[in-house]
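# What the coordinates show
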Amino acid sequence: MPKAAISGTTDRRIDSLLALLADNAMIVISGAKIAREIGVTRGTVWRWIEKLRALGVRVKGHPRTGYQIETVPDFLAPKMLRRRLNSGPLGKRVHHFFKTDSTNSVAMALGEKGEPHGTVVIAEEQTAGRGRAGHTWHSEKTNGIYMTVLLRPPVSPQQAPLITMVAGLAVREAIIEQTGLTPDLRWPNDLLFGRKKFCGILTEMNAEQDQIHFVAVGIGVNVNHEQIPDELKKIATSLRIETGRAQSRVEIVARLLRHLETYYNLFLAEGPAAIVARFSEVSSFARGKRVRIETGSETYTGTTAGLEPGGLLRVKRDDGRTLPVIAGTLSEAD
Ligand code: BTN
């Protein structure tokens, strides 16, 4: 297999194989024809089909009879994804991995090499998915969405937290559209059903004092997990658990990128106020919620008292002071 442009990315011809099988889902397609169309030997087609089978794609047949896909696979491969996107910059370039350490790490490295605004890095599995505050992100193979969008926003580094809120609003919209259920947004960037989280966002930035070079907006969504590991059961859920059925990851990613484009453009056109107003409207955490905040050095409780113009959450602490939350992990207090 020739070396892909970025170490570990999915060979473009596997992407083509998936698209070809998906486009011919109802018919048997000969190994020779596949080999001709994607430019590999029949032996390679066989090996790749075996690889797809190992990943759960149901393909009937063998080299002599030809192949037929039984269900259109829900892979996040570039060709499958791009045909669902509009012509905007988000998702114009997609780097897909069957397995990588962290899509955020890949995107940060690509950002340094000059990768353009809107590039998406996406993986079927992460071996070292990162969460906020040094946590790891449980990244079960093919059941979740593990993606990072590289953005080059023409705003100051102080406004970067707003980009995370933009992403949270976009995910929320995509989930409503996809499932009909309305999730809550926990400031600044978690999506919940009830008290259980199914999506987290990790934004990392490369900037100078007054200029952002790029941000890597990493989004993790628990989609088709049938079970949540014991240690996370009390605090996490998945879309499958909430809706009772499997959800198409490729549809969710496409919706998400479309809404991200809309909210990002709203942010650039109207500034932080538009994002803060929308977030305040849809998040039950913006005002009147009893919360607990844990920083490295202290834990305190209070009641949320609205967002500041720059997006920080104000909390009226139980000791009477009302202050913005600068750092720490926020949870709903009992
Ligand atoms: C959180 O702690 O809530 C943020 C979780 C962010 C996880 C995503 S998965 C895709 C991207 N790559 C990573 O390593 N992390 C983010």
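All values reported here derive from a predicted model rather than from experimental measurement. (Residues numbered from 1 in each chain as written. Predicted model: local features only at pLDDT ≥ 70, side-chain atom pairs only at ≥ 80, totals over all residues. Heavy atoms only, no water.)

### Notes on the environment of Gly328
Inclusion rule: Strands are runs of DSSP state E lasting at least 2 residues, helices are runs of H or I lasting at least 4, and numbering of each runs from the N terminus. Accessibility here uses a 1.4 Å probe with only protein chains present; expressed as a share of the type maximum, an area under 20% marks a residue as buried, one over 50% as exposed, and anything in between as partly exposed. Should any heavy atoms of two residues lie within 4.5 Å, those residues are considered in contact.
Among the secondary structure elements, Gly328 is positioned in the loop between β13 (322–324) and β14 (329–332). Classification of Gly328 by relative accessible area gives partly exposed; the value is 29%. Spatially, the C-alpha atoms of Gly328 and Ala133 are 8.4 Å apart, while their sequence positions differ by 195 residues. Residue contacts for Gly328: discarding those within four places in its chain leaves Arg132, Ile293, Glu294 and Thr295.

### Details of the nonpolar core
Our working rule: Here the nonpolar core consists of buried residues drawn from Ala, Val, Leu, Ile, Met, Phe, Trp, Tyr and Cys, with membership extended through side-chain atoms lying within 4.5 Å.
Membership of the largest hydrophobic core comes to 86 residues, with the highest contact counts inside it found for Leu21, Ile34, Leu52, Met147 and Ile219. Ranked by residues supplied to this core, first place goes to helix α6 (residues 160–179) with 11 residues. Apart from residues no more than four positions distant in its own chain, Met147 is found in contact with Thr103, Val120, Val121, Ile122, Val217, Gly218, Ile219, Val253, Leu256 and Leu257. Among the nonpolar cores identified, the runner-up in size contains 10 residues, and Val106, Val121, Ala123 and Leu150 belong to it.

### Points about the layout of surface pockets
Applicable threshold: Only protein atoms enter the 1 Å grid used here, on which a cavity is any set of points holding a 1.4 Å probe that cannot leave and a pocket is any open set flanked by protein within 12 Å on both sides along at least five of seven lines; residues with an atom within 4 Å of a point are listed as lining. Grid points are joined across faces, edges and corners, and a volume is the space filled by probe spheres set on the points. All residues other than Ala, Val, Leu, Ile, Met, Phe, Trp, Tyr, Cys, Pro, Asp, Glu, Lys and Arg, Gly among them, are scored as polar; the first ten of these are nonpolar and the last four charged.
The volume enclosed by the largest pocket comes to roughly 1200 Å³. Lining the largest pocket are 46 residues, and of these His135, Arg186, Asp190, Lys197 and Ile235 sit closest to its centre. Listing elements by their share of the lining of the largest pocket, those giving two or more residues are α5 (103–112), β5 (144–151), β7 (190–193), β8 (196–208), β9 (211–222), β10 (287–294) and β14. Of the residues assigned to the lining of the largest pocket, the class counts are 17 nonpolar, 18 polar and 11 charged.

### Comments concerning the confidence of the model for the protein chain
Definition in use: Predictor confidence is given residue by residue as pLDDT, running from a minimum of 0 to a maximum of 100.
Of the residues in the protein chain, 98% reach a pLDDT of 70 or more, and the chain-wide mean stands at 92. Note on residues 1–5: pLDDT under 50 across the span, and 6 contacts to partners over four residues away in sequence or across chains.

### Some words on the pairing of strand β4 (residues 120–123)
In plain terms, the rule: Crossovers are marked right-handed if the path from the first strand over the helix to the second runs clockwise, as seen with the strands pointing away from the viewer. Should DSSP find at least two bridges between two strands, the strands are regarded as paired.
Side-chain alternation along β4 places Val120 and Ile122 on one buried face and Val121 and Ala123 on a second face that is also buried. You can see the chain leave strand β3 (residues 94–97), run along α5 and come back into β4, and the turn it takes is right-handed. Looking at chain direction, β4 and β5 are connected through 4 bridges and run antiparallel. Within β5, the residue paired with Val121 across the bridge is Thr148.

### A closer look at the packing of helix α2 (residues 31–38) against helix α3 (residues 42–54)
Let me state the cut-off plainly: Geometry is summarised by axes, namely lines fitted to C-alpha atoms with helices restricted to the contacting stretch, and by angles between N-to-C directions that run from 0 to 180 degrees. Each angle is binned into one of four classes, with values under 35 degrees roughly parallel, values over 145 roughly antiparallel, values of 65 to 115 roughly perpendicular, and all other values oblique.
Running from amino to carboxyl end, α2 crosses α3 at an angle of 100°, the nearest separation of the two axes being 8 Å. Relative to α3, the element α2 lies roughly perpendicular. Mapping the contact onto sequence places Gly31, Ala32, Ile34, Ala35 and Ile38 in α2 and Arg42, Val45 and Trp48 in α3. Residues belonging to the contact of α2 with α3 are distributed by class as follows: 6 nonpolar, 1 polar and 1 charged.

### Description of the site of the ligand
In plain terms, the rule: Here a residue counts as near a molecule or strand whenever at least one of its heavy atoms sits within 4 Å of it. Each polar contact in these results corresponds to two N or O atoms within 3.5 Å; when the atoms are within protein, one needs to be able to donate a hydrogen and the other to accept it, and residues that are neighboring in sequence are counted only if both atoms are side-chain atoms. For a molecule to be placed in a cavity or pocket, more than half of its atoms must lie within 2 Å of the grid points of that cavity or pocket.
Around the ligand lies a shell of 20 residues, among which Ser102, Gln126, Arg130, Arg132 and Lys197 are the nearest. In the model, an oxygen atom of the ligand is placed 2.7 Å from a nitrogen or oxygen of the Ser102 side chain. Between the ligand and Gln126 there is a distance of 3.0 Å, counted from a nitrogen atom to a side-chain nitrogen or oxygen. For the ligand, the cavity whose grid points lie within 2 Å of the majority of its atoms is the largest pocket. Contributing elements (two or more residues each) for the shell around the ligand: α5, β5, β8 and β9. Here the residues of the shell around the ligand sort into 6 nonpolar, 10 polar and 4 charged.

### Some words on the sheet that holds β8
Spatial ordering of the open sheet is given by β3-β4-β5-β9-β8-β7-β6, a layout of 7 strands whose pairing is mixed. With partners counted over all chains shown, the strands left at the sheet margins are β3 and β6 (184–186), one partner each. Strand-to-strand twist in this sheet, taken as the mean axis angle between neighbours without regard to direction, amounts to 20°. Contacts from helix α8 (residues 249–270) reach β4, β5 and β9, with the element oriented near 30° to β5.

### Observations concerning the packing of aromatic side chains
This is how it is decided: Within 6.5 Å between ring centres, the rings of Phe, Tyr and Trp (the latter by its six-membered ring) count as paired, and their orientation is classed by plane angle as stacked under 30 degrees, edge-to-face over 60, tilted in between.
Throughout the structure, instances matching the rule amount to 2 aromatic pairs. Ring plane angle 85° and centroid distance 5.7 Å describe the contact between Phe75 and Phe98, whose orientation is recorded as edge-to-face. One end of the pair, Phe75, is in the loop between β2 (66–69) and α4 (78–82); the other, Phe98, is in the loop between β3 and α5, with 23 residues separating them in the sequence. Like Phe98, Phe75 is buried. Between Phe193 and Phe198, the aromatic rings sit 4.7 Å apart at their centres with planes inclined by 20°, giving stacked as the arrangement.

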